[in-house]
Amino acid sequence: MKIFLITLMSIALISCGSIDPSAPASITPSDLIPTQTLIPLSTDVPIPADTGWLKLPGSLEYRELQVTFQNRSDRLRLARVDPQRFSFRVLYAPNQPRRVGEWLDSNDALQLVVNGGYFDPSNHALGLLIGDGISVGRSYQGFGGMFAVNSAGSVQIRWNIQQPYVEGEGLKYALQNYPMMIIPGGGWNDQIDDNGEIAPRSIVGQDRSGRIIFIVSPNATFTLTGMSQWLSISDLDLNVALNLDGGTSSGMLLRDGDRLRGLDSWRSVPDVIAVEGK
């Protein structure tokens, strides 16, 4: 009986040692990041290393891809969105930050939500952010990039060095962050100020066909430079890509009928990129 009680106490202590989801983004060991899909999988069916692009209801596309980088393994979650079929928004609530899943739950019209850009300890956006035509934050000058949606609904990922923000240009939604991961034309960014840290990553890219691709690397697998290099040689056919906030902020969820695919963020975030049907 004593042995049994000791065992139960040990299990309880281990369970109580879970990590607070609101932990700072700098805490990024791979064992803190949920790596399982949110869809129950049959134990009788092996999980493929690459699911390929799965067409979901409403024409969203989803993919899971097992990768190995410098002896570190990860299972990427990816979504591909056709701007002809979907519209994009940037949502911002510094006074009510939420996990990615809570952002998705807040509006039944949303089909996909991914975490956004960097923010300060008070949950205010560090770079320029525009929501419904209202701008906050300060525009990055001479570095970084921008996810931008104009008043006509056209979406573009811009490199600030090549196409800087101009005050009053009429953007309806925008979100700046850094660094650029793929420079316009498809090349990796060899000018990244990289401290060599490995961490979970979130990326938004645009392929040569104009489709928007979201990528989440949930484990501490890639440095920023390593992620940039991997993206440049992947089969995603990216023309341009921008880094989003990583670490415990990383998360992407999308609807597949009455189920969800992807991964929730560990911590609450004040801004997200959201996708809904036109």
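The structure this text deals with has already been given above.
Note that the coordinates shown come from a computational prediction; the quantities given were computed from them, not determined experimentally.

(A) How the structure looks around unusual backbone geometry. The omega torsion across Y178 and P179 is -5 degrees, close enough to zero to call that bond cis. Checked against the element boundaries, P179 lands in the loop between strand 10 (171-177) and strand 11 (180-183). Of note, the phi angle at S59 is positive, near 80 degrees, even though the residue is not glycine. Note on placement: S59 falls in the loop between strand 1 (54-55) and strand 2 (61-69). Despite not being glycine, D237 has its phi angle at roughly 55 degrees, a positive value. With respect to the secondary-structure elements, D237 resides in the loop between helix 3 (224-233) and strand 15 (238-243).

(B) Structural view of the sheet that holds strand 8 (residues 145-150). Strand order in the open sheet made by the five strands is 7-6-10-8-9, with antiparallel pairing throughout. With partners counted over all chains shown, the strands left at the sheet margins are strand 7 (134-136) and strand 9 (155-159), one partner each. Taken pair by pair, the neighbouring strands of this sheet meet at an average axis angle of 25 degrees, ignoring direction. Across two bridges, strand 6 (residues 129-131) lies against strand 10 in antiparallel orientation. Its bridge partner lying in strand 10, I130 is registered against A174.

(C) Fine view of the sheet that holds strand 1. Judged by pairing direction, the sheet is antiparallel, and its eight strands sit side by side in the order 1-2-3-14-13-15-11-12 without closing on themselves. With partners counted over all chains shown, the strands left at the sheet margins are strand 1 and strand 12 (187-188), one partner each. Where helix 3 meets the sheet, its contacts fall on strand 2, strand 3 (72-81), strand 11, strand 12, strand 13 (199-207), strand 14 (212-222) and strand 15, and the angle it forms with strand 11 comes to roughly 30 degrees.

About the cut-offs
- Residues numbered from 1 in each chain as written.
- Predicted model: local features only at pLDDT ≥ 70, side-chain atom pairs only at ≥ 80, totals over all residues.
- Heavy atoms only, no water.
- Helix = DSSP H or I, 4+ residues; strand = E, 2+ residues; numbered from the N terminus.
- Pairing = 2+ DSSP bridges.
- Axes fitted to C-alpha atoms, helices over the stretch in contact; angles between N-to-C directions.
- Contact = heavy atoms within 4.5 Å.

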